[in-house]
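Structural description and commentary
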Amino acid sequence: MTADGETIGGPATYTGNRALMLDEALIFEIGDRNTTGVDLPEPDTATPNRLGGMERAAAIGLPGLSEPETVRHYTRLSRQNYAIDLGLFPLGSCTMKHNPRLNEKVARLPGFADLHPMAPTSTTQGALGVIYELAEWLKTLTGMPAVAMSPKAGAHGELCGILAIRAALEARGDARKVVLCPESAHGTNPATAAFAGYEVENIPATPEGRVDLAALEARLGPDVAAVMITNPNTCGLFERDFRKIADAVHAAGALVYCDGANFNAIVGRVRPGDLGVDAMHINLHKTFSTPHGGGGPGSGPVVFSAALAPFAPLPFVEKTATGYELVEEETAGEHHQQSFGRMTAFHGQMGMFTRALTYMLSHGADGLKQVSEDAVLNANYILRSLEDVLFAPYADSGPCMHEALFGDKGFAEGMTTLDLAKGLIDEGFHPMTMYFPLVVHGAMLVEPTETESKAALDQFIGAMRSVASRAIAGDQSLKTAPHYAPMRRLDETLAARKPVLAWTDPALA
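Residues numbered from 1 in each chain as written. Predicted model: local features only at pLDDT ≥ 70, side-chain atom pairs only at ≥ 80, totals over all residues. Heavy atoms only, no water.

1. Side note on the packing of helix α6 (residues 154-171) against helix α7 (residues 188-195)
Here α6 crosses α7 at 50°, and the two axes come no closer than 9 Å. Comparing their axes, α7 and α6 come out oblique. For the pair α6 and α7, the crossing hand works out as right-handed. Along the contact surface, α6 presents A155, E158, L159 and I162, while α7 presents T188, N189, T192 and F195. By residue class, the composition of the contact of α6 with α7 is four nonpolar, three polar and one charged. (Axes fitted to C-alpha atoms, helices over the stretch in contact; angles between N-to-C directions. Helix = DSSP H or I, 4+ residues; strand = E, 2+ residues; numbered from the N terminus. Parallel < 35°, antiparallel > 145°, perpendicular 65-115°, else oblique. Left-handed = near helix turned anticlockwise from the far one by under 90°. Contact = heavy atoms within 4.5 Å. Nonpolar A, V, L, I, M, F, W, Y, C, P; charged D, E, K, R; others polar.)

Take a look at the structure:
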């Protein structure tokens, strides 16, 4: 139904369903809280009560459903989800690629899937070997001599890198207070620096969407601890002056943190260590195709330059003549006594490690290089196929990398990026990343990744051209889109500021 209740494509139905598009109620509205889906015998009154007065005096209000009702409810809900297994997921900067099922099969092997983090190393040599080999791959691909495997996400990895930078500066008695973040950097970069206790200052972008080298050099000084820079950046462009930037930062006594969220565009082609990077996190759940989204799980290992390697966190896996050892605080000894500490209680995400290493081994070095080449090719195909209908602010800045960036310039008055995104839902696609980066008004960031075929890209491009043309023409039906989704358009401001996260029984309200 439309937002105003109009029925689309035929008469109203008794159930509210439209064929296999089911109108699913909340589980509390389905189940009867006075019944249960199982039959339990009455408790034996002679059995001693061991609850110690902790028993509840009243019912807890859970819905009572049978097993078939429960399974059907959640299956029907799952049909309303969008997923990479259904179609192209164009979220820019997120690298929502297909996850090979081989990775999943390996991660579910009992020796990995049921491994306890406190198991003795004598019984976990295979798992430690996987962590070690994955670490070696990451060091080789980045040209960096050390890596911390324990960070559990990209932002966690950012914090790891900044803490190592702070430890290195403190070790030389250098109290610096400022971290510089270019406008084209990832949005989490300034938040991470602030969380670590630094003052954050922005560095502007040039009209072509890259870091303003002159502005950066002018701001460098004895108070600057580091620069956090994303390469390729969030405008979808490679920072061609990165080596000059790194040299200038190092000459000023500061260090270079590179956000590696967009590593998928350059893996196998560029080694960040050769560019002068001191620390960089790598999203295994992006570049190396492990499950992504829904709040986790993720993994964000951090590679370090020789200058920062002594300050990297514990634990790490070390290969010895007799096998693999997990170096902890108790066994670090003098060879890693400058570590800033640890990022997490245990060792990282084993399921992510097995998936990522399987991905690397199945592709090989040549395959990983082709991954980045195909990802860049697909992004440029989208950019050039849409630049005549959508404003592409950096279309003349050279080829884009992993993603194509568009803006809302040229839309009819009153039409917004949000309207286009809602119209795209009616076309059967999850919308792209919106309103980021902030340097482009009404930004639309599209990242197709390498796993999409030309046929899939052509279908997406056709849908984008259609919806964009409607926005340019001022088609007012976009203001009430989506029309064919299970739910009408929500008030997103109200949903963000006053979310309703708990169900209340109307009879008790």
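2. Regarding the side chain of D419
As for its placement among the helices and strands, D419 is situated in helix α12 (residues 417-426). Here D419 is in contact with G414, L478, K479 and R489, once residues within four sequence places are set aside.

3. Comments concerning the layout of surface pockets
Which parts of space are left empty comes out when a probe the size of a water molecule is rolled across the atoms. Of the pockets and cavities examined, the largest pocket occupies roughly 960 Å³. When residues of the lining of the largest pocket are traced back to their parent elements, those giving at least two are α12, α13 (454-473) and α14 (492-497). Ranked by residue count, the leading element in the lining of the largest pocket is α12, at three residues. Across the lining of the largest pocket, the residue classes break down as 17 nonpolar, six polar and eight charged. In this structure, the second largest pocket occupies an estimated 570 Å³ of space. (1 Å grid on protein atoms, 1.4 Å probe; cavity = no way out; pocket = protein on both sides within 12 Å on 5 of 7 lines; lining within 4 Å. Points joined across faces, edges and corners; volume = space filled by probe spheres on them.)

4. Looking at the sheet that holds strand β5 (residues 255-259)
Taken in spatial order, the seven strands of this open sheet run β1-β7-β6-β5-β4-β2-β3, and their pairing is mixed. Pairing within the sheet leaves two strands with one partner each, and these edge strands are β1 (146-148) and β3 (199-203). Geometrically, the sheet is characterised by an average inter-axis angle of 25° between neighbouring strands, direction not taken into account. Two strands pair when backbone bridges link them, and strand β2 (residues 178-182) and strand β4 (residues 224-230) are joined in this way by three bridges, in the parallel orientation. Bridging from a neighbouring strand, V178 pairs with V224 of β4. (Pairing = 2+ DSSP bridges.)

5. Looking at helix α9 (residues 242-251)
Among all positions of α9, only F242, I245, A246, A248 and V249 are buried. Each buried residue of α9 sits inside an arc of 165° when the element is viewed along its axis, so together they form one side. Facing away from the buried side of α9, by more than 90 degrees, are the exposed residues K244 and A251. Those residues of α9 that are buried are in contact with α8 (213-219), β4 and β5. Trailing α9 by a residue or two, G253 shows a phi angle of about 85°, which is positive. (Buried < 20%, exposed > 50% of the residue type's maximum accessible area, 1.4 Å probe, protein only. Arc of directions from axis to C-beta.)

6. Some remarks on the sheet that holds strand β12 (residues 444-446)
A sheet is described by the order of its strands in space; here three strands give the open sequence β10-β12-β11, paired in antiparallel fashion. The open sheet has two edge strands with one neighbour each: β10 (404-406) and β11 (433-434). Two strands pair when backbone bridges link them, and β10 and β12 are joined in this way by three bridges, in the antiparallel orientation. Bridge pairing in β12 links L405 to L445. On the sheet, helix α11 (residues 350-386) packs against β10 and β12 and is oriented at approximately 30° with respect to β10.

7. What about the pairing of β3?
Here β2 runs beside β3; their pairing, made up of five bridges, is parallel. Its bridge partner being in β3, L180 is matched across the sheet by E201. With α7 bridging β2 and its parallel neighbour β3, the resulting β-α-β unit is right-handed. (Right-handed = clockwise from strand over helix to strand, strands pointing away.)

8. Considering the packing of α11 against α13
Contact pair α11 / α13: the axes reach a minimum separation of 10 Å and the direction vectors enclose 30°. As summarised for this structure, α11 and α13 are arranged roughly parallel, according to the angle between their axes. The handedness of the crossing between α11 and α13 is right-handed. Contacts between α11 and α13 pair N378, Y381, I382, S385 and L386 from the former with K454, L457, D458, F460, I461, M464 and R465 from the latter.

9. Points about the nonpolar core
Of all hydrophobic cores here, the largest spans 55 residues; its most connected members are L134, L138 and F288. If we skip the residues at most four places from it in the chain, L134 touches M149, L284, F353, A356, L357 and M360. A379, A395, A404 and L424 belong to the second-largest nonpolar core, a separate cluster that totals 31 residues. (Core = buried A, V, L, I, M, F, W, Y, C linked by side-chain atoms within 4.5 Å.)

10. Overview of empty space enclosed by the protein
As enumerated under the stated definition, the model contains one cavity of 30 Å³ or more in all. Put simply, the largest cavity is a space of about 50 Å³. Lining the largest cavity, in full, are C235, L237, L383, Y394, A395, G398, C400, E403, A404 and L405. Across the lining of the largest cavity, the residue classes tally to eight nonpolar, one polar and one charged.

11. Observations regarding unusual backbone geometry
Keep in mind that most residues, glycine aside, have a negative phi and that most peptide bonds are trans. Across the junction of N231 and P232, the peptide omega takes the value -5°, indicating a cis bond. By secondary structure assignment, the location of P232 is in the loop between β4 and α9. Going from L314 to P315, the amide bond is cis rather than trans, its omega being 0°. Turning to its location among the elements, P315 is positioned in the loop between β7 (302-304) and β8 (316-320). Phi angles above zero are rare outside glycine, and S93 is one such case at about 70°. Residue classification places S93 among the buried residues on the basis of a relative accessible area of 4%. A positive phi angle is found at Y435, which is not glycine, with a value near 60°.

Remember that the coordinates give geometry; whether it matters functionally is a separate question.
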